[in-house]
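# Structure assessment
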Amino acid sequence: MLRRFAKKTFISFSVTFKDSFRQGKVVGFDLEKRCVLLNDGEELFFSHLILATGSGGPFPGKFDRVVDMDTAIQTYEDMVKEVQKASRIVIVGGGSAGVEMAAEIKTEYPAKEVVLIHSKMALADVELLPCVRQEVKETLLRMGVHFLLSEKVVNLPTLTLNKFRENMVVKTDKGTEVATDMVLLCTGIKVNSSAYSRAFSDKLASNGALKVNEHLQVNGYDNIYAIGDCADVKEPKMAYHAELHAKVVATNIANSLMQKPLKTYKPGSLSFLISLGKNDGVGQVNNIYVGHLLVTFVKSRSLFVGKSWTNMHQTMPC
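Here goes a summary of the coordinates provided. In this convention, every chain numbers its residues from 1, walking through the sequence in written order. Selection of residues for local features in this predicted model requires a pLDDT of at least 70, selection of side-chain atom pairs for listing and counting requires 80 or more, and totals for whole chains, interfaces and linings are taken over all residues. Only heavy atoms go into the side-chain values, all of them from the structure, while hydrogens and water stay out.

This brings us to the overall build of the protein. Helical segments are the DSSP runs of H or I of at least four residues, strand segments are the runs of E of at least two, and each set is numbered from the N terminus. Scanning the protein from N- to C-terminus turns up seven helices and 16 strands. The C-alpha atoms of the protein give 21 Å as radius of gyration, which agrees with the globular expectation for 318 residues (20 Å, within 12%). For the C-alpha atoms alone, the extent of the protein along its principal axes is close to 60 × 45 × 40 Å. Relative accessible area decides the class of each residue, using a 1.4 Å probe on protein chains only: under 20% of the type maximum gives buried, over 50% gives exposed, and in between gives partly exposed. Expressed as a percentage of the 318 residues in the protein, the buried residues total 43%. Sequence separation of at least 24 residues holds for 55% of the intrachain contacts in the protein that already meet a minimum separation of 6. Throughout, the Shrake-Rupley method with a 1.4 Å probe supplies accessible areas, and for residues the shown protein chains are the sole cover considered. Accessible surface, the protein: about 17000 Å² in total, of which carbon and sulfur atoms supply 53%. The distance from the centre of the 39 positive side-chain charges to the centre of the 33 negative ones in the protein is 2 Å. The globule rule used here is 2.2 Å times the number of residues to the 0.38 power, and the radius of gyration it is set against is calculated over C-alpha atoms. We call two residues contacting when some pair of their heavy atoms lies within 4.5 Å. By the counting scheme adopted, Arg and Lys are positive, Glu and Asp are negative, and His together with the chain ends is not counted. By convention, the point assigned to a charge is CZ for Arg, NZ for Lys, CD for Glu and CG for Asp.

Right, dumping it as structure tokens:
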């Protein structure tokens with residue numbers, strides 16, 4: 001919820017990859033010809049293919065429209081202004097995105113009333129240690145966040161999302177009604193499978209992810225890989241894991257060209273850091289609880305965006 005922070009979270013691909021970058025929508029694959037079909041009719045031929053379509057969901061957790069970068073940044077900046085107008089805010093969804101959103105708002109605007117509605121009793125992701133999930137709850141309580149747990153919102157279609165609108169009423173399946181001035185939706189993250197679901201229909205897991213082997217090759221193909229959220233690997237969907245996948249796949253493509261053995265990807269003990277505002281956070285590293293100070297130092301102050309700019313060989317804007 002910081003003003004002018006959004007521009008730090010959008011990094012141009014074209015600046016880094018130059019003529020090797022194409023912006024377009026994938027509409028199909030011709031696996032016999034080994035080519036990717038774009039919506040403008042262009043065909044991109046490949047010897048190796050990496051599918052990294054990620055996941056999608058509602059704004060503000062995901063940006064769900066195709067616009068230029070300046071417009072996307074301005075959309076987030078405009079939402080911050082809407083948050084500033086609202087004295088009462090409801091956040092729907094208590095996974096990691098929802099709890100981080102609640103903490104960020106209460107950190108920047110302590111006087112605002114924030115209510116978090118979650119369909120389960122425990123907050124944050126189910127893979128986390130119970131002590132981490134409990135500490136998330138206790139930290140938010142100390143901040144003044146109110147909870148409606150084990151309740152589902154039943155009138156979302158009638159609510160205005162992400163914009164200030166006085167005296168809206170959020171209704172739950174338990175009959176609870178909450179008056180609010182703004183509703184933020186932090187639920188419904190799904191694998192982006194539309195680009196490949198037809199071509200790989202027999203390789204899909206139940207959630208739309210691609211079934212892969214221990215080398216992250218799509219089952220039945222030695223030159224097609226899947227990484228990140230669209231890979232059916234039994235671990236939480238996190239950018240950190242996608243980065244590990246990418247390193248394994250890059251090595252495996254090089255090794256395959258040199259006829260060397262392929263590297264195996266093995267999900268390890270879970271490391272997961274939750275930012276609770278710029279001055280707080282909790283998490284676990286290798287399934288061991290880590291406290292507020294470490295998470296604040298490592299993640300909360302910058303959300304790792306500086307590392308992403310460095311990896312892209314660009315300078316982060318001030």
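So, next bit.
This next bit is on the sheet that holds strand E14 (residues 272–275). Here, any two strands with at least 2 DSSP bridges between them count as paired. Read across the open sheet, the three strands follow the order E14-E15-E16; overall the sheet is antiparallel. Two strands in the sheet have a free side with no partner beyond their single neighbour: E14 and strand E16 (288–290). Pairs of neighbouring strands in the sheet enclose a mean axial angle of 15°, with direction left out of account. Note that strand E15 (residues 281–285) and E16 share three bridges and pair antiparallel. Paired with Gln284 across the bridge in E16 is Tyr289. To get an axis, fit a line to the C-alpha atoms, keeping to the stretch in contact for a helix; angles then go from 0 to 180 degrees between the N-to-C directions. Along the sheet, helix H4 (residues 130–143) contacts E14, E15 and E16; its crossing angle with E15, the most-contacted strand, is approximately 175°.

Another aspect to go through is the pattern of salt bridges. The salt bridge criterion pairs a side-chain nitrogen of Lys or Arg with a carboxyl oxygen of Asp or Glu, the two atoms within 4 Å. According to the stated counting rule, one finds ten salt bridges in the structure shown. The shortest N-O distance in the salt bridge between Arg22 and Glu42 comes to 3.1 Å. Taken together, the positions of Arg22 in the loop between helix H1 (13–17) and strand E1 (26–30) and Glu42 in the loop between strand E2 (35–38) and strand E3 (43–45) put the pair 20 residues apart, joining distant regions of the chain. Judged by relative accessible area, which is 26%, Glu42 ranks as partly exposed. Each of the salt bridges in this network shares a partner with another, and the network as a whole consists of Glu243, Lys247 and Lys307.

Let us now look at the layout of surface pockets. Here a cavity denotes grid points, spaced 1 Å and computed from the protein atoms alone, that fit a 1.4 Å probe unable to get out, and a pocket denotes an open set having protein on both sides within 12 Å along at least 5 of 7 lines; residues with an atom within 4 Å of a point are the lining. Grid points are joined across faces, edges and corners, and a volume is the space filled by probe spheres set on the points. By volume, the second largest pocket amounts to about 160 Å³. What lines the second largest pocket is a set of 14 residues, and nearest its centre among them are His241, Pro267, Gly268, Ser269 and Leu270.

Right, let's get into the packing of helix H3 (residues 96–108) against H4. Running from N to C, H3 and H4 cross one another at 25°; their axes reach a closest spacing of 10 Å. When the axis of H3 is compared with that of H4, the two are roughly parallel. In the packing of H3 onto H4, the handedness of the crossing is left-handed. For the pair H3 and H4, the contacting residues are Val99, Ala102, Ala103, Lys106 and Thr107 in the first and Val136, Leu140 and Met143 in the second. Polar here means any residue outside two lists: the nonpolar Ala, Val, Leu, Ile, Met, Phe, Trp, Tyr, Cys and Pro, and the charged Asp, Glu, Lys and Arg; Gly therefore counts as polar. Here the contact of H3 with H4 is built from residues that sort into six nonpolar, one polar and one charged. An angle counts as roughly parallel when it lies under 35 degrees, as roughly antiparallel when it exceeds 145, as roughly perpendicular when it falls between 65 and 115, and as oblique in every other case. The handedness criterion is simple: a crossing whose near helix is rotated anticlockwise from the far helix by less than a right angle is left-handed, and one whose near helix is rotated clockwise is right-handed.

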